[in-house]
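Chain by chain, the residues:
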Amino acid sequence: MNIFKVKINFEEKDHESVELPIAEGESVLDVCLENGIDLQHNCGGVCGCSTCHIYVNKGMDNIQEISDKEEDFIDRAVNPRITSRLGCQCVIIDGDIEVTLPDQSGFMGH
């Protein structure tokens, strides 16, 4: 199993960027949760909502291709961009990536 790096940036000003190991086959959502980073995931990480919406800044070729189902949920996300993905579906296949987590403070419970 190959280990790569994920750099996580935050839109929230009081959070500093972090660089973490990510294993081939692991999702950005998994890495966030394993490292105490609050990335919302109302559906439990099964591509059933848009709350784990993230932006991929670098390494789009290093993650699994987007599915039609994921595209449908991204359309429902807050402020989607061309680089939007769902953290639960952003699974590493080969190489490092860099992502930005949108501001999570607007979700219930924050």
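As recorded by an unreviewed UniProt entry, the protein chain carries the name 2Fe-2S iron-sulfur cluster binding domain-containing protein and is attributed to Mucilaginibacter terrigena. Quoted verbatim from the Sequence similarities (unreviewed entry) field of the UniProt record, the comment on the protein chain reads "Belongs to the adrenodoxin/putidaredoxin family."

Here the focus is the pairing of strand S3 (residues 53–58). Note that S3 and strand S4 (residues 84–86) share three bridges and pair antiparallel. Across the sheet, the residue bridging to His53 is Leu86, located in S4. Pairing between S3 and strand S5 (residues 97–101): three bridges, direction antiparallel. When the sheet's bridge partners are listed, Val56 is paired in S5 with Val99.

What follows covers a negative patch on the surface. Together, Asp68, Glu71, Asp72 and Asp75 give the surface a local cluster of negative charge. By the secondary structure assignment, Asp68 is in helix H2 (residues 68–74). Under the relative-accessibility criterion, Asp68 is labelled exposed at 62%.

Before going further, it helps to spend a moment on the environment of Ala23. As for its placement among the helices and strands, Ala23 is situated in strand S2 (residues 18–23). Taking the C-alpha atoms as reference points, Ala23 and Val6, 17 residues apart in sequence, are found 9.6 Å from one another. Residues in contact with Ala23, not counting those within four places in the same chain, are Met1, Asn2, Ile3 and Ile92.

So, about the side chain of Ser84. Secondary-structure assignment places Ser84 in strand S4. By relative accessible area, Ser84 is classed as buried at 4%. Engagement of the side chain of Ser84 in a polar contact is seen with the side chain of His53, the distance being 2.7 Å. Separated by 2.7 Å, the side chain of Ser84 and the backbone nitrogen of Arg81 make a polar contact. Look past the residues within four positions of Ser84 in its chain and what remains in contact with it is His53, Ile54, Tyr55, Ile66 and Ile74.

Reading the values: the criteria
- Residues numbered from 1 in each chain as written.
- Predicted model: local features only at pLDDT ≥ 70, side-chain atom pairs only at ≥ 80, totals over all residues.
- Heavy atoms only, no water.
- UniProt positions renumbered as here; feature names shortened; annotations may be inferred.
- Pairing = 2+ DSSP bridges.
- Helix = DSSP H or I, 4+ residues; strand = E, 2+ residues; numbered from the N terminus.
- Patch = residues over 30% accessible without salt bridge, like charges linked within 9 Å, V, L, I, M, F, W, Y side chains within 5 Å.
- Areas by Shrake-Rupley, 256 points an atom, 1.4 Å probe, with all protein chains shown as cover.
- Salt bridge = Lys/Arg side-chain N within 4 Å of Asp/Glu carboxyl O.
- Lys, Arg positive; Asp, Glu negative; His and termini not counted.
- Charge placed at Lys NZ, Arg CZ, Asp CG, Glu CD.
- Buried < 20%, exposed > 50% of the residue type's maximum accessible area, 1.4 Å probe, protein only.
- Contact = heavy atoms within 4.5 Å.
- Polar contact = N/O pair within 3.5 Å; in protein donor to acceptor, adjacent residues only side chain to side chain.

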